[in-house]
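If you want the building blocks of each chain, they are given just below.
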Amino acid sequence: MFSNKIKVFLLTSICLIFFFLTYNDVKSKEITTHNLLDNFDICQTNSSLGQYCKDERFNYLEYFKNSKIQINNNKIHYEFDTWDYHFEITKNTKNEVKFIIEDNAKEASYLTKSEIVLRFDEENLIWNLYSDETLYPESERRKYFYLSGKAKVIDGDTIKINDQKIRFSGIDAPESNYRGKEQTCLIEDTKISCGKLSTEFLKNYIEKEDVFCKIEEKKDQFKRNLGECFLKRLSLSKLMVRNGYAFDYEKYSKGKFKYDQVYAQKNKLGMWSMKFEFPWEFRKKN
C-alpha cells in the first residue's frame, strides 16, 4: 500500500514537471502583443526610458502596467499622461519576430521610431535581441546588432564573445601589448604594468558572468567590432573610466564618459593615483 502511494506521488511529480516545462517552452516560443514585453527587455535599446533603466531597481514591466493599454491585433498602445508607446509586430515566425517601437512625448516634439528583431535561442529556450535599427529621426539613424554570452577579456577595453572581438567604443585603456611593448606607469619610482592592471580589473569584475553587448554596424580600421557592453545593466565602459582604469576617448566618445573621468581624477582612482601617459600618446611614440 505504502509502495503504491510512493509510485503515484513520483508519477504525479513527473507529470507536473513535464507540464510546467512544456508550458514555459510554449509560452516563450509564441510571441504576441500580450507577452512581447515579457520576452524583450526594452532597457537594452535606445528608448526614452534610458534614464530610468540606469537604475537597477527600475522594473519596466511594472512601469508599463501603470499605463492605459489598448490592443488591436498585432498592435499595442501604452498611454501615460505625458508619454505614448506604440508597438507593432510586423513579422512573427517560429524563430524570428520583427516589430516597430514608436515612443513620443505628448507635450514636446520628441519622437523616435525603431525596428527591433528578436531571434529564438533553441538551446536556452529564450528570445534574444538580435538587432535594433533607428528609423526616425533620420539624423540619428543607426543600426545595432547584439552579442551576449561569456566574455574573455583581452585587455581593459577589449573582450571576446563567441570568437567575436569587441572593442569598447569611446574609451581607451592602457596597452598591455602594443607592437610587443607594454605600457607602464609610475608609483613614486616604481614601474607598474598599468596595461595588465587595467586588464585584471575588468577580468575580476566580469568573472564568469554573462555580458551583453550592443554592436555598431561599422567596424574600426582593424576590422574589430565596436560597441558598448553591459553586465547587469552596468556599462563596462563607464565602469572602467569611473574607476580610473580607462579614459574617455573624446575623439570618438564626444565626451560621453567625461564626468566619469572627472570623478576618477578627483578621487585619484586607478591610473589617476600614479604618473601615466594617455594610451593614444603611448601609441604615437611606439
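About the cut-offs
- Residues numbered from 1 in each chain as written.
- Predicted model: local features only at pLDDT ≥ 70, side-chain atom pairs only at ≥ 80, totals over all residues.
- Heavy atoms only, no water.
- 1 Å grid on protein atoms, 1.4 Å probe; cavity = no way out; pocket = protein on both sides within 12 Å on 5 of 7 lines; lining within 4 Å.
- Points joined across faces, edges and corners; volume = space filled by probe spheres on them.
- Helix = DSSP H or I, 4+ residues; strand = E, 2+ residues; numbered from the N terminus.
- Expected span 1.5 Å × (residues − 1).
- pLDDT = per-residue confidence, 0-100.
- Contact = heavy atoms within 4.5 Å.
- Disulfide = S-S within 2.5 Å.
- Buried < 20%, exposed > 50% of the residue type's maximum accessible area, 1.4 Å probe, protein only.

Draft legend 1. Inspection of empty space enclosed by the protein at higher detail. This structure, assessed with the given rule, holds 1 cavity of 30 Å³ or more. Computed from the structure, the largest cavity encloses a volume of approximately 60 Å³. Lining the largest cavity, in full, are T45, N46, S47, I101, D103, T112, K113, S114, I116 and D132. Elements with a minimum of two residues in the lining of the largest cavity: β4 (96-105) and β5 (111-121). A per-element tally of the lining of the largest cavity places β5 first, with 4 residues.

Draft legend 2. Representation of helix α4 (residues 194-206) within the structure. Under the 1.5 Å per step criterion, the end-to-end length of α4 is 19 Å for 13 residues, consistent within 8% with the ideal 18 Å. Of the residues flanking the end of α4, it is E207, one or two places downstream, whose phi is positive at about 50 degrees.

Draft legend 3. Examining the confidence of the model for the chain more closely. Of all residues in the chain, 90% have pLDDT values of 70 or greater, and the mean over the chain is 89. Per-element mean pLDDT across the chain ranges from 48 in helix α1 (residues 2-29) up to 98 in strand β17 (residues 247-248). Predicted confidence for residues 15-27 stays below pLDDT 50, and this span has 4 contacts to residues more than four positions away or in other chains.

Draft legend 4. Quick look at the state of the cysteines. The tally for this structure, following the rule as stated, stands at 3 disulfides. In this model, C185 is linked to C194 through a disulfide, with the two sulfur atoms separated by 2.2 Å. Taking the torsion about the sulfur-sulfur bond, which here is approximately 85 degrees, the covalent link between C185 and C194 counts as right-handed. Take C194: its relative accessible area is 0%, and that puts it in the buried class. Each disulfide pairs two cysteine sulfurs, and for C213 the partner residue is C229, the sulfurs being separated by 2.2 Å. Disulfide C213 to C229: torsion about the S-S bond roughly 110 degrees, handedness right-handed. In this pair, C213 sits in strand β14 (residues 210-216) while C229 sits in strand β15 (residues 225-231), placing the two residues 16 residues apart along the sequence. Judged on exposure class, the residue C213 and its partner C229 are both buried.

Draft legend 5. Spatial organisation of the environment of T82. By the element assignment, T82 lies in the loop between β2 (75-79) and β3 (83-92). Once the C-alpha coordinates of T82 and E107 are considered, the two residues, 25 residues apart in sequence, prove to be 6.6 Å apart. Discounting chain neighbours no more than four positions away, the residues touching T82 are N104, A105, K106 and E107.

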